[in-house]
Amino acid sequence: MSEIIRRDPRREWIARNRLHPEYANVLADMGGGGGGAVSEWQGPNGAVRKNPRAIGFIGPNGVKRIDRSGLQQGGQSAATTTAARDSRRMVTIDQPAFLVAVVPDMTGGRLSTHDKDLLGLARRLADADAERPGAVVAILFGEHKEAALGEAGIDQVVHLDDNSYAGFAPEACLAALSGVEREMAPRFWLLPDSPLGGSELGRRLAVRLGERPATQVWQVEADAHSETSWRCTARGAAGSVDITRHLPRVVLALAECAEPVSETRHAAQPVALPQPLPDVLGRLKDMGEVAVDPASVSLAEAEFILSAGNGVKDWEGYHRAAQVLGAAKGASRVAVDDGFMARDRQVGASGTWVSARVYVAVGISGAIQHLQGIQSCDKVVTINLDERCDMVKRADLAVIGDAGEILAALVARVERYREQQQENRDAA
Amino acid sequence: MPRNVKSLNGAGFSVSVLVSVGRHPLTARARRADHDARAVEMALSLNDASVQLIHAGDNDTASEEALRGYLGMGVSGVKRIEQASNADVVPALTNILRFAAPQLVLTGTRAETGEGSGLVPYLLAESLGWTVVSGLAEIESIEQGVATVLQALPRGKRRRLQVRLPAIATVDSSAPAARQSAFGPARRGELTDCAYASVIDELQTQWHIQPARKRPKRLKIVKSASARDRFKAAAAKADSGGGQLLSDVTPEQGAEAIFTLLKEEGVLR
């Protein structure tokens, strides 16, 4: 085909006249064969022409609606979102000038938000000098389920997947980290200052390396006068003072110490240590987790809460359900004001802000104060009579029906499950 | 609740508790430190163990009042090592612990004044070559030089550990609350002074210390090319949406759906 644009004055004339009987067909031809009226096409001189009348659709009430989200363009939106995802720059650092080692907590085998913040901080330290970039090395213990290691900003991964690191084994982990220090000599060590293990391991590591760490760091800034060219702000004296100091080699950082990585993707290349790590004789022995009574756990940190509101009529059944399910008991303000539950069980703005993984709301309509209190819950289940209430909108699973009957059925189901488990155990 | 502690060779089981001077979070007055008081409480709850309290720090009236708070819990005396206010207390404590050689050392997780980094137990354990355990919630038993303890984890969980003694254990707020301090025993108790040369912490003099600033709240940054997406993210109501809605089901079907979700999330034990 020649490059010369051929004009057809008659078709152009039809395209300008929307009352012409062939108008729609001509527009469709000009738009490259798409069905229906086309809103954009290339004009005779190569300029893009737009037909504002072709945009939009007729709504249910006969009113013309324009949706600018791109969904009306037909198939284009999916392509643009994938393009947006791929537009994150892929960064590969072949010859790193130095290394920044990060030991994430990996709670439940995944990077927590705290870990991601920490990796964001590591990226800042590594990428400070664009000429001589450093690499971020993550040291992971045990099995993990995280697929997006590179997207969190990790260049190299030292994955120590051995039985000796399973469970709680700070001594074995410490020996492994000393091995990494010997082989790779990272410039910085970053660990989360979290009760999930990072704070303990970080302190052990700092003492072993003979470095004085900065603990509870929440801000890191560049500082030309410092010997490491960074300065950090850390909480001290039970959180009552801020200590500003040079950034040491070992840093234990709080959550939200930096923004997580979002604009770049990294290689997350597996790296093996050149020498096998020596076995250590542990003086600590992990005997496993102990089952605890859910009622003794404070509501703010309970993992599983069964919460009752105005819709609960059968309170005996509710208490029995909480006992059978092994859930902590919560309540809405109404249930507390009416005297059915104790004041310290109230969930919401004027009660406790809970952080449960699973929150089951029974007969709670979801006042905004209550929804604030359950903001950080992962999964919300509700049993409710009104299917248009706010709690149903918030819930991941909403069951519409009578609370008492559904709770009774749930208790029966769980008891059946327990019996089956018991039988299996007896058979085995 | 007193614990049955069978000690090695029938001799009295000796526990040392490292105590510090705390600071009330509101009034900023000197007081017994909360975590250290819980450590003392845990030591006192051990049956026929001899409990010794050790404090290293400067020696003024305010800190003496705070230390008497520990004496009021029913301890006969506190051994006080006088140190300058900017001294590193680890050498002094290492020295006294090596000399006293207790089987178990209890202490709070971190101090309420000074740097408060929580490193002292780890430094002591490294220099003495002892084991260190963090976040103790309960001591279950001590037999044959091995202590069985419960370690507190987040979300109220507990982990059982066996620790070879001698060990240093830290106690935090998940341990049982400390008993009230009584006035009479607090006056009668004795503070025994002993001297050890202060090692001044040089590094700390370079730091800039100021009252804690409020941490900036993290903004929700939406990185999107389209203005519509940014506007939607800014104006969106905080509902998750896309939840599953079961209406017109029998109670059994509803219960089954909830049961499946609970099992998937792993909260049913």
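Structure: see above.
Bear in mind the structure is a predicted one, so any value in this text is a computation, not a measurement. (Residues numbered from 1 in each chain as written. Chains lettered and ligands numbered in written order. Predicted model: local features only at pLDDT ≥ 70, side-chain atom pairs only at ≥ 80, totals over all residues. Heavy atoms only, no water.)

Enquirer: Can you walk me through the pattern of salt bridges in this structure?
Expert: Side-chain pairing between opposite charges can occur once the charged atoms of the two side chains come close. Here the structure, examined in full by the defined rule, presents 33 salt bridges over all chains. Between Arg208 of chain A and Glu126 of chain B there is a salt bridge whose closest N-O contact spans 3.4 Å. On the criterion of chain membership, the pair formed by Arg208 of chain A in helix α6 (residues 198-209) and Glu126 of chain B in helix α4 (residues 120-128) is interchain, its members lying in two chains. Taking relative accessible area as the criterion, Arg208 of chain A reaches 41% and is therefore assigned partly exposed. Given the relative accessible area of 38%, Glu126 of chain B is considered partly exposed. (Salt bridge = Lys/Arg side-chain N within 4 Å of Asp/Glu carboxyl O. Helix = DSSP H or I, 4+ residues; strand = E, 2+ residues; numbered from the N terminus. Buried < 20%, exposed > 50% of the residue type's maximum accessible area, 1.4 Å probe, protein only.)

Enquirer: Sorry, what's going on with the environment of Ala148 of chain A here?
Expert: All names here are of chain A. Within the element layout of this structure, Ala148 appears in the loop between β7 (135-141) and β8 (156-160). You can call Ala148 partly exposed: its relative accessible area is 25%. Put simply, Ala148 and Val380 are 232 residues apart on the chain and 26 Å apart in space, counted from C-alpha to C-alpha.

Enquirer: How should I be thinking about the sheet that holds strand β9 (residues 146-152) of chain B in this particular structure?
Expert: Strand pairing in a sheet takes place through backbone hydrogen bonds and is either antiparallel or parallel in direction. Taken in spatial order, the 10 strands of this open sheet run β16(A)-β10(B)-β9(B)-β8(B)-β11(B)-β7(B)-β1(B)-β4(B)-β5(B)-β12(B), and their pairing is mixed. Both edges of this open sheet fall to β16 (284-290) of chain A together with β12 (190-195) of chain B, since each of them pairs with a single strand only. Across the sheet, the axes of successive neighbouring strands diverge by a mean angle of 35°, strand direction being ignored. Two elements, strand β7 (residues 104-108) of chain B and strand β11 (residues 167-171) of chain B, share five bridges in a ladder whose sense is parallel. By the bridge assignment for β11 of chain B, Thr107 of chain B is matched with Thr170 of chain B. Docked against the sheet, helix α3 (residues 90-100) of chain B engages β1 (13-18), β4 (49-57), β5 (77-82), β7 and β12 of chain B, running at close to 160° with respect to β4 of chain B. With respect to the sheet, α4 of chain B is in contact with β1, β7, β8 (131-143) and β11 of chain B, its orientation differing from that of β8 of chain B by roughly 70°. (Pairing = 2+ DSSP bridges. Axes fitted to C-alpha atoms, helices over the stretch in contact; angles between N-to-C directions. Contact = heavy atoms within 4.5 Å.)

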